[in-house]
Amino acid sequence: MIRIIVFTFFVFSSLSLTAQVPPSEDLRLYDIASASSSQRIEQDVVRLVNFGTRHSLSDTQSESHGIGAARRWIEAEFETISKDCGGCLEVLLIADMATGKRIPEPHEIVSVLAIQRGQSDPNRMLLMSGDIDSRVSDPMNSTSTSPGANDNASGMAGVLEAARVLSRYKFAASIVYAGLAGEEQGLYGGKIVVAHAQKEGWNIEAVLNNDMIGNIAGINGVIDNHSARIFSEGVRWAETAEEARQRYFTGGEVDSASRNLARFIKRVGEQYVSNLDLMMVYRLDRFGRGGHHRPFNELGYPAVRIMEVNEHYDRQHQDIRNEQGQHFGDTIDYVDFDFAAKLTALNAVSLAALAWAPAPPANVTIEGMVQASTTLKWHMGEDENLSGYRVYWRLTTEPEWTHSRWVGRVDHFTLKNIVIDNYLFGVASVAMDGNESPVVFPGPAGAF
Ligand SMILES: [Zn+2]
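This section reports on the structure supplied with the text.

Rules used in this analysis
- Residues numbered from 1 in each chain as written.
- Predicted model: local features only at pLDDT ≥ 70, side-chain atom pairs only at ≥ 80, totals over all residues.
- Heavy atoms only, no water.
- Phe/Tyr/Trp six-rings, centres within 6.5 Å; stacked < 30°, edge-to-face > 60°.
- Buried < 20%, exposed > 50% of the residue type's maximum accessible area, 1.4 Å probe, protein only.
- Helix = DSSP H or I, 4+ residues; strand = E, 2+ residues; numbered from the N terminus.
- Lys NZ or Arg CZ within 6 Å of the ring centre and 35° of its normal.
- Disulfide = S-S within 2.5 Å.
- Expected span 1.5 Å × (residues − 1).
- Contact = heavy atoms within 4.5 Å.
- Donors = N, O, S within 2.8 Å, 3.2 Å for Na, K, Ca; no water.
- Pairing = 2+ DSSP bridges.
- Axes fitted to C-alpha atoms, helices over the stretch in contact; angles between N-to-C directions.

This brings us to the packing of aromatic side chains. Going through the model one piece at a time under the given rule, you end up with eight aromatic pairs. Plain terms: the ring middles of Tyr169 and Phe171 are 6.3 Å apart, the flat faces sit at 35 degrees to each other, and that makes the pair tilted. Exposure remark for Phe171: the relative accessible area of 3% places this residue in the buried category. Taking the centre distance of 4.8 Å and the plane angle of 45 degrees together, the rings of Phe171 and Trp356 count as tilted. Separated by 185 residues along the polypeptide, Phe171 in the loop between α5 (149-166) and β4 (173-180) and Trp356 in helix α11 (residues 337-356) bring together distant segments of the chain. Per residue, the accessibility class of Phe171 equals that of Trp356, and both read buried. Clustering of aromatic rings is evident, with ring pairs tying together Tyr169, Phe171 and Trp356. Across the ring face of Tyr188, the terminal group of Lys191 is positioned such that the distance to the ring centre comes to 5.0 Å. We note Arg321 situated over the ring of Phe328; from NZ or CZ to the ring centre the distance is 4.1 Å.

Structure, rendered in structure tokens:
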């Protein structure tokens, strides 16, 4: 009798435990990873290049030439994608006047966005961006032929293709596909869009900015079609002096939300996209250079830059010419469309995994000073697809999370005999289907 009771108890408790642990893979993400079409990306890059120039100060009236025609084509393309998914995209233009060093007279900068609303949590916003505009050697030259094939028709075409792929699915959170304008003149489109987002109260959880995703032959002679870089800030740009002071005592120099978003993209990308190695770069952007993720970082939102590893500077921001047999100019013959499709797939699986996951844990705190054990606490989320939480830790010198354990549907957990001084810690929310939020490092240094 006793044996029967013990046996029954054992079966019951082990069943309930297994039922609680969500699956570690989502097979839909393999389908999404293989759905990006290099042919469609090529068609879109050709189309964008054929506008002659997409310089921010170029013609806005012509139907076939200049920045106006280019943005109207992008808008129409989003509308076509929306029609194919039963009107699942809201297409909008976000415009404002801008002036600055590279815009001497007030000029209207117009970005094109398409929003795929989330089913259960529509105010959680996940952005994928590329740029509409292009330039040649002189940043003020608005008339010369400026194909901007890799910089950044490749990123813009990737955004359109990701919208085609992901609009076949339904998600918990919202995905925003963005063609940002005015990048080369001073990141104006991003600034205008983030101001709009802030005014509308968008809860931006992630920005994946794509800027040059099609070059595989570097100026250093390296040819590489299987790796990509993810740039992310280590300390939040928007950190206050008091938050910095706190960070000196509790850590967080390499654990901003943007950095943990980069770790998330690396993990998901290498799991689901074939033959792709991701290099996290521990800096905001390339040395001394800029991109459209920065306006989002400046206002405190998690945002990263995704791009090729090997750049070719003769093919960026150059007048098209030949000097003693050496080609200059960002022409279409140097874009590798299979590679652009691979990086588009990286974006698509990352966005889908984020949009199926619950919101990242809020109000994460940690304690354990002069104690044997470390305790993490957080606010229990209300997402309808929330299954529970996974606690993470790693040595302070490790670039990626190395240890984790499932802790269930609780709002705190103590890691016994793991001393707080020797590790960095975080916590992620996990959905019933196994999709996880990025890991959140405790305190303001890591908050999403
Ligand atoms: Zn550029």
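For the rest of this paragraph, the subject is the state of the cysteines. On inspection of all chains with the given rule, the structure shows one disulfide. The disulfide partner of Cys85 is Cys88, and the gap between their sulfur atoms is 2.0 Å. Taking the torsion about the sulfur-sulfur bond, which here is approximately -85 degrees, the covalent link between Cys85 and Cys88 counts as left-handed. Exposure class is identical for Cys85 and Cys88. Each is buried.

On to helix α7 (residues 188-200). Between its terminal C-alpha atoms α7 stretches 18 Å, which fits the 18 Å expected from 13 residues at 1.5 Å a residue. Of all the residues in α7, the buried ones are Tyr188, Gly189, Gly190, Ile192, Val193, Val194, His196 and Ala197. Looking at the buried side of α7, the elements it contacts are β1 (89-100), β2 (103-116), β4, α6 (183-186), β5 (203-210) and α10 (294-298). One or two residues past the end of α7 sits Gly201, with phi positive at roughly 70 degrees.

Right, let's get into unusual backbone geometry. At the junction of Asp151 and Asn152, the peptide bond is cis and its omega measures out at 5 degrees in the coordinates. Checked against the element boundaries, Asn152 lands in helix α5. Despite not being glycine, Asn417 shows a phi value in the positive range, around 60 degrees. Along the chain, Asn417 turns up in the loop between β15 (412-415) and β16 (423-431).

A separate point is the coordination of the zinc ion. The protein atoms donating to the zinc ion are Asp151 (OD), Glu184 (OE) and His317 (NE2), with metal-donor distances spanning 2.0 to 2.2 Å. All donors of the zinc ion belong to a single chain; written as a sequence motif, their spacing is D-x32-E-x132-H. One end of the pair, Asp151, is in helix α5; the other, His317, is in the loop between β8 (303-308) and β9 (321-323), with 166 residues separating them in the sequence. Here His317 falls in the partly exposed class, since its relative accessible area comes to 23%.

Turning to the sheet that holds strand β3 (residues 121-131), a few remarks are in order. Across the sheet, eight strands lie side by side as β1-β2-β4-β3-β5-β8-β6-β7; this open sheet has mixed pairing. Because the sheet does not close on itself, it has two edges, and the strands there are β1 and β7 (277-281). Looking at each pair of strands side by side, their axes are set apart by 25 degrees on average, direction ignored. Strand direction decides the pairing type here: β3 and β5, joined by six bridges, are parallel. Residue pairing in the sheet places Met125 in a bridge with Ile204 of β5. Relative to the sheet, helix α9 (residues 257-272) contacts β5, β6 (227-231), β7 and β8, its axis offset from that of β7 by approximately 170 degrees.

In short, the description is geometric, and any link to function would need to be established separately.
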